[in-house]
Amino acid sequence: FSADDVLLSGRRLDPNTAAEAELAAVPGLGPRAAAALVGDRGGLGFWNVAELERVPGIGPNALVELGIWLDTGLVGPPPSAQRIDLNAAAAADLDRLPGIGPALAERIVADRNRRGPFRRRADLDRVEGIGPSKVRALEGKVLPP
């Protein structure tokens, strides 16, 4: 793929579905950022443009430049389509959430088993390694809200 292939196709790339090779051809993105973007979108994808900034190599200035290449109007599925239930999900499912790796997912499950269900998303702050910023990042992605 090349930038010309993308332009000639007459379409913008959806950051949730575009192949890594397509994304790597986007000027200003390159192979490293494209790989990071594909790795970060995981099973949940990006639900809004601001979430693209969590990808290393993509900041606010880059987003402005990438706007002609990426379809930023149709970013991600509706949040209700893929919310993960904190009180029923296995660690492997929790691991798909942004900012939650395997160890933290295991701690969430262990805390739930030991202390009971989470009544609200903010209850996650009782789990070691989860603070207010991680709780905010999970807004719209988990149940309970």
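From a predicted model like this one, the values you see are computed outputs, not experimental measurements.

Participant: How should the overall build of the protein chain be read in this particular structure?
Facilitator: When you go through the protein chain residue by residue, the secondary structure sums to seven helices and two strands. Secondary structure of the protein chain in N-to-C order comes out as α-α-α-α-β-α-α-α-β. Burial status across the protein chain gives 41% buried among its 145 residues. Considering only residue pairs separated by 6 or more positions, the protein chain has 48% of its internal contacts joining residues 24 or more positions apart. If you sum the accessible surface of the protein chain, you get close to 7,700 Å²; carbon and sulfur atoms cover 53% of it.

Participant: Any chance you could explain the nonpolar core here in plain terms?
Facilitator: For soluble globular proteins, nonpolar side chains are generally found buried alongside one another. Leu 94, Leu 97, Ile 100, Ile 108, Leu 124 and Ile 130 are the most contacted members of the largest nonpolar core, which totals 18 residues. Looking at this core, the elements that each hand over two or more residues are helix 5 (91-94) and helix 6 (102-115). Here this core gets four residues from one element, more than from any other, and that element is helix 6. Other than its neighbours up to four places away in sequence, Leu 94 contacts Ile 84, Leu 86, Ala 89, Ile 100, Ala 105, Ile 108 and Val 109.

Participant: So what exactly am I meant to see when it comes to helix 3 (residues 30-41) here?
Facilitator: For an α-helix, 3.6 residues make a turn, and residues three or four places apart therefore share a direction. Its 12 residues place the ends of helix 3 17 Å apart at the C-alpha level, agreeing with the 16 Å of an ideal helix rising 1.5 Å per residue. Those residues of helix 3 that are buried lie in contact with helix 2 (20-24).

Participant: What exactly am I supposed to notice about the pattern of salt bridges here?
Facilitator: Between side chains of opposite charge, a pair can form when the charged atoms approach closely. Here the structure, examined in full by the defined rule, presents four salt bridges. The closest approach of N and O atoms between Arg 120 and Asp 123, which form a salt bridge, is 3.4 Å. Looking at Arg 120, the relative accessible area reads 48%, which means it is partly exposed. With a relative accessible area of 14%, Asp 123 lands in the buried category. Residues joined by salt bridges that share partners form a network here, namely Asp 111, Arg 114, Arg 115 and Arg 126.

Participant: It is not clear to me how the environment of Ala 18 should be interpreted in this structure. Could you clarify?
Facilitator: Its location among the elements puts Ala 18 in the loop between helix 1 (3-9) and helix 2. What makes Ala 18 buried here is its relative accessible area of 3%. Look past the residues within four positions of Ala 18 in its chain and what remains in contact with it is Leu 13, Leu 23, Val 38 and Arg 41.

Participant: Whenever I open this one, the confidence of the model for the protein chain confuses me. Can you help?
Facilitator: Keep in mind that low pLDDT regions are not for reading the predicted coordinates in detail. Scored by pLDDT, the protein chain comes out at a mean of 80, with 83% of its residues at no less than 70. Mean pLDDT across the elements of the protein chain ranges from a minimum in helix 1, with 58, to a maximum in helix 6, with 94. In this model residues 75-81 is a low-confidence stretch, pLDDT under 50, and it forms 13 contacts with partners more than four residues away in sequence or in other chains.

The rules behind each value
Residues numbered from 1 in each chain as written. Predicted model: local features only at pLDDT ≥ 70, side-chain atom pairs only at ≥ 80, totals over all residues. Heavy atoms only, no water. Helix = DSSP H or I, 4+ residues; strand = E, 2+ residues; numbered from the N terminus. Buried < 20%, exposed > 50% of the residue type's maximum accessible area, 1.4 Å probe, protein only. Contact = heavy atoms within 4.5 Å. Areas by Shrake-Rupley, 256 points an atom, 1.4 Å probe, with all protein chains shown as cover. Core = buried A, V, L, I, M, F, W, Y, C linked by side-chain atoms within 4.5 Å. Expected span 1.5 Å × (residues − 1). Salt bridge = Lys/Arg side-chain N within 4 Å of Asp/Glu carboxyl O. pLDDT = per-residue confidence, 0-100.

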